[in-house]
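# Architecture and fold: a report
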Amino acid sequence: MTARLVVLISGNGSNLQAILDACASGELDAKVISVISNKADAYGLVRAKNAGVESIHFTKLENESRTDYDTRLANYITTKLPDYIILAGWMRILSSNFLSSFPNRVVNLHPALPNTFPGTHAIERAYEAYKRGEIKHTGIMVHLVPDEGVDNGPVLASEIIPILTDDTLDSLETRIHQTEHKLLITTLKELITKI
Ligand code: GAR
């Protein structure tokens, strides 16, 4: 059965692109039903349009609370009948008002190993920690989102990424993103066989 995916983004959307490409090539037996961004200028919205996929800037209404926004977002996504909701660079914490609608159905990608560098700028913070001699490698993970814990939850897959002595922040970032694009697809492939 072809899996129905809703992808939430906040920016560039290179991981969204990896999903769209894998769907188009047949590598992933899935269809992206909708791409939703909390930012109007997210380049991922252009990627969605180019792929002929619904792309929405889900605007926060004036005086709308975080939880009301989340409820409205959940209600909208529910109408799309998604099998999974993929947070591919969605930089906003989702409250239980959202998560309770999709138990075991929300998947997050984070550019660090479990229990390390949660939140924003994870790669930059890992690189700084490496330069201070505190770590020798970093990594990436794909995990389920059970609650409001930031970049935390049952791990579906993770991969260590070595930091090389001649790495710059740019080269490390590039290697991490390239590895993310692969790990996200292999993890989703496995996940959708369970639908
Ligand atoms: C990815 O590196 C993803 O792991 C990260 O945002 C980037 C989005 O890149 N997510 C987080 O940091 C979540 N805390 P993309 O827009 O090019 O896919």
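The structure under discussion appears in the preceding block.
Here is what the cut-offs are and how they apply
Residues numbered from 1 in each chain as written. Predicted model: local features only at pLDDT ≥ 70, side-chain atom pairs only at ≥ 80, totals over all residues. Heavy atoms only, no water. Buried < 20%, exposed > 50% of the residue type's maximum accessible area, 1.4 Å probe, protein only. Helix = DSSP H or I, 4+ residues; strand = E, 2+ residues; numbered from the N terminus. Pairing = 2+ DSSP bridges. Expected span 1.5 Å × (residues − 1). Contact = heavy atoms within 4.5 Å. Axes fitted to C-alpha atoms, helices over the stretch in contact; angles between N-to-C directions. Near = heavy atom within 4 Å. Polar contact = N/O pair within 3.5 Å; in protein donor to acceptor, adjacent residues only side chain to side chain. Areas by Shrake-Rupley, 256 points an atom, 1.4 Å probe, with all protein chains shown as cover. Nonpolar A, V, L, I, M, F, W, Y, C, P; charged D, E, K, R; others polar.

### So, the pairing of strand 4 (residues 84-87)
- The alternating pattern of strand 4 places Tyr84 and Ile86 on one face and Ile85 and Leu87 on the opposite face, and all of these are buried.
- Bridge analysis of strand 1 (residues 3-9) against strand 4 gives four bridges, and the strand direction is parallel. Looking across to strand 4, one finds that leucine 8 is bridged to leucine 87.
- Bridge count for strand 4 against strand 5 (residues 106-110) is three bridges, and the pairing is parallel. Bridge pairing links leucine 87 to asparagine 108 in strand 5.

### Side note on helix 1 (residues 14-25)
- The first and last C-alpha atoms of helix 1 sit 16 Å apart over 12 residues, in line with the 16 Å expected at 1.5 Å per residue.
- Those residues of helix 1 that sit buried are Ser14, Asn15, Leu16, Ala18, Ile19, Leu20, Ala22 and Cys23.
- Next to the buried residues of helix 1 lie strand 1, strand 2 (30-37), helix 2 (43-50), strand 4, strand 5 and helix 6 (169-192).
- Phi turns positive, to about 90 degrees, at glycine 26, one or two residues after helix 1.

### A closer look at the sheet that holds strand 3 (residues 54-57)
- Strand order in the open sheet formed by seven strands is 3-2-1-4-5-6-7, with mixed pairing between adjacent strands. In this open sheet, the two edge strands, each paired with only one partner strand, are strand 3 and strand 7 (155-162). Mean inter-strand twist for the sheet, computed between neighbouring axes without regard to direction, equals 20 degrees.

### With respect to the site of the ligand
- The local shell around the ligand holds 13 residues, among which Gly13, Ser14, Asn15, Asp151 and Glu180 are the closest.
- Serine 14 places a polar side-chain atom, nitrogen or oxygen, 2.6 Å from an oxygen atom of the ligand.
- Between the ligand and glutamate 180 there is a distance of 2.4 Å, counted from an oxygen atom to a side-chain nitrogen or oxygen.
- The protein chains hide 89% of the 450 Å² of surface that the ligand would expose on its own.
- Of all the secondary structure elements, the ones that give two or more residues to the shell around the ligand are helix 1, strand 5 and helix 6.
- Its residues assigned to classes, the shell around the ligand shows three nonpolar, eight polar and two charged.

### Some details on the environment of phenylalanine 117
- On the secondary structure map, phenylalanine 117 appears in the loop between strand 5 and helix 5 (122-131).
- Along the sequence, phenylalanine 117 and proline 154 sit 37 residues apart, while their C-alpha atoms lie 16 Å from each other.
- Residues within four places of phenylalanine 117 in sequence aside, it is in contact with His110, Ala112, Ala122, Arg125, Ala126, Ala129 and Ile135.

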